[in-house]
Structures are given as C-alpha cells and as structure tokens.
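Structural description and commentary
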Amino acid sequence: MLPQSVERVLFIDSDTTVTASLTPLWNLDLQGKALAAVPEHRISCLDHGYNYPDYFNAGVMVADLTRWRESNLLERGRQYAIEHPDRLRHWDQDILNHVFKGDWLPLEDRWNACPHLFGLNADYDLSRESLNESESEAIANPAIVHFAGPGPIKPWNARCRHPLKDRYLQAKKQTPWASTPLDDLPLPAWKQKFDNTVFQTKCILRRCFAKKLD
Ligand SMILES: [Mn+2]
C-alpha cells in the first residue's frame, strides 16, 4: 500500500499515548534486522512455544519496509494462519512473530510500556522474581504507554484502572473529541471468558474440519 520509495515506518497502535520524542526510534540502527520491537512474555505466547524474550509485542514497531517486501509476508502469513489457526490468539502479532522469528531487534521496554508493568494484566508470566532494568525504567519514564488489553485497561473507559490514564485524557482534551463522553461499560469478565471460549471452540472446529478435508 505504501510507495516503494518509503523504506522505513514507525508503527504505533491506536491504544497508546506518546509522551517523549520519537526521534531516537526513527533514527535507530536496525543492524540489518527487519524490525525493532519490545519483547513480551504473555503466558499465551509461552504456550505457543516462545520463550521470553523471543516474542515481541507488535504494538510499536520500527519496520524496514525493504526487508518486509522481500519477506513474502502476506503469503507466508496466510499459510501460517491456515496451518495454525490455534496459534493466532493475537492475530497479526502472531504472524509477524512467526515470519520474522529471530530477525528483529529488541527495544527498551519504555518504548512500549504495557499494562503488566503497572500490575494490570494477569495474562503475563510474572514468575520472574523481579523486574529487569529496562522494565523498571519503563515504569519510571515511559515514552509510549500502551493500553493493551481488555476494557478496564482502556483509558477511554470511564472505569479505567490504569494509573497513567490521565496522559490519554489530557491529550483527548486537545482533540475534536474533547467533549465526547467516555465509554461507561467495560466488558464484564464473563463476556471476555465467553469470547475466549468461542474463539477456542472455533479453532478446534477448524482443525477437525481441516483433518476431514485431507
Ligand atoms: Mn494495542
């Protein structure tokens, strides 16, 4: 979709606030890698055979588009999705991790400060005894805050529990949506569990039917 002349992009999810200059990211030496991103240790990623820090969060990426164009990403991603529908819990992120396995540069956590750093997402491997230096720095001095996760983590939710939600609310005041009210109803836990069960069931059905078609 982007013209060939564009060789690098900074991809940033929409559920984020940027609170520092992005110049260091833009000027980053990718050292020949296809992208740079922050390692993630969600339990569901570990379930899929990844060990921390071998899996990245795709919410913030510095991408070398020349490498991406050479990677046959769409076709390889499509094949992976057909063969492993059960591994697509995080959609594009799982495909990007598969296609660019070992071909990405880890960024400091502060460039994608995820909710587990603020004690908000139980879906992470917290078995490690203490936070590393990069994670501690991300808490003290985040550059991009990523409100990744379900309803109560999103800052446009009236019942958001994220300690840095004010950064989003301050930024919102400067937009045309300043007077738009916040969402009032976060998804209840039972609805999230229901959605997860539907997803898992679909995966099982897909696998069963794929076997029958063989
Ligand atoms: Mn996100």
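Described below are features of the structure shown in this document.

With that settled, consider the overall build of the protein. Along the protein, the regular secondary structure elements total eight helices and six strands. Ordered by position from N to C terminus, the α and β elements of the protein give β-β-α-β-α-β-α-α-α-β-α-β-α-α. Expressed as a percentage of its 214 residues, the buried residues of the protein come to 25%. Long-range pairs, those at least 24 residues apart, make up 75% of the contacts in the protein with a sequence separation of at least 6.

Turning our eyes to something else, we now look at the nonpolar core. Within the largest apolar cluster, 30 residues are counted, with the highest numbers of intra-cluster contacts made by Leu35, Ala36, Ala37, Met61 and Trp104. For this core, the secondary structure elements donating two or more residues are β3 (35–39), β4 (56–64), α5 (92–99) and β6 (144–146). The element that contributes the greatest number of residues to this core is β4, accounting for six residues.

A sheet is described by the order of its strands in space; here four strands give the open sequence β1-β4-β3-β5, paired in mixed fashion. Strands with a single pairing partner mark the edges of an open sheet, and in this sheet they are β1 (8–12) and β5 (104–106). For this sheet the average axis-to-axis angle between neighbouring strands, irrespective of direction, equals 25°. When β1 meets β4, the two strands line up antiparallel, connected through five bridges. Note that in β4 the partner of valine 9 across the bridge is alanine 63.

Our next topic: the packing of helix α4 (residues 73–83) against α5. For the pair α4 and α5, interaxial distance at closest approach is 10 Å and the crossing angle is 110°. With respect to each other, α4 and α5 are oriented roughly perpendicular. In this structure, α4 meets α5 at a crossing whose hand is right-handed. Facing α4, whose interface residues are Leu73, Arg76, Gly77, Tyr80 and Ala81, α5 presents Ile95, His98 and Val99.

Turning our attention to the environment of leucine 96. Relative to the elements of secondary structure, leucine 96 occurs in helix α5. As for leucine 96 and asparagine 57, which are separated by 39 residues in sequence, their C-alpha atoms are 9.6 Å apart.

With that out of the way, let us pick up the pairing of β3. Burial runs high along β3: four of the five residues are buried. Bridge analysis of β3 against β5 gives three bridges, and the strand direction is parallel. Among the inter-strand pairings, leucine 35 is bridged to a residue of β5, identified as tryptophan 104.

Calculation rules
Residues numbered from 1 in each chain as written. Predicted model: local features only at pLDDT ≥ 70, side-chain atom pairs only at ≥ 80, totals over all residues. Helix = DSSP H or I, 4+ residues; strand = E, 2+ residues; numbered from the N terminus. Buried ≥ 20, exposed ≤ 12 C-beta atoms within 10 Å, placed from the backbone. Contact = placed C-beta atoms within 7 Å. Core = buried A, V, L, I, M, F, W, Y, C linked by C-beta atoms within 7 Å. Pairing = 2+ DSSP bridges. Axes fitted to C-alpha atoms, helices over the stretch in contact; angles between N-to-C directions. Parallel < 35°, antiparallel > 145°, perpendicular 65-115°, else oblique. Left-handed = near helix turned anticlockwise from the far one by under 90°.

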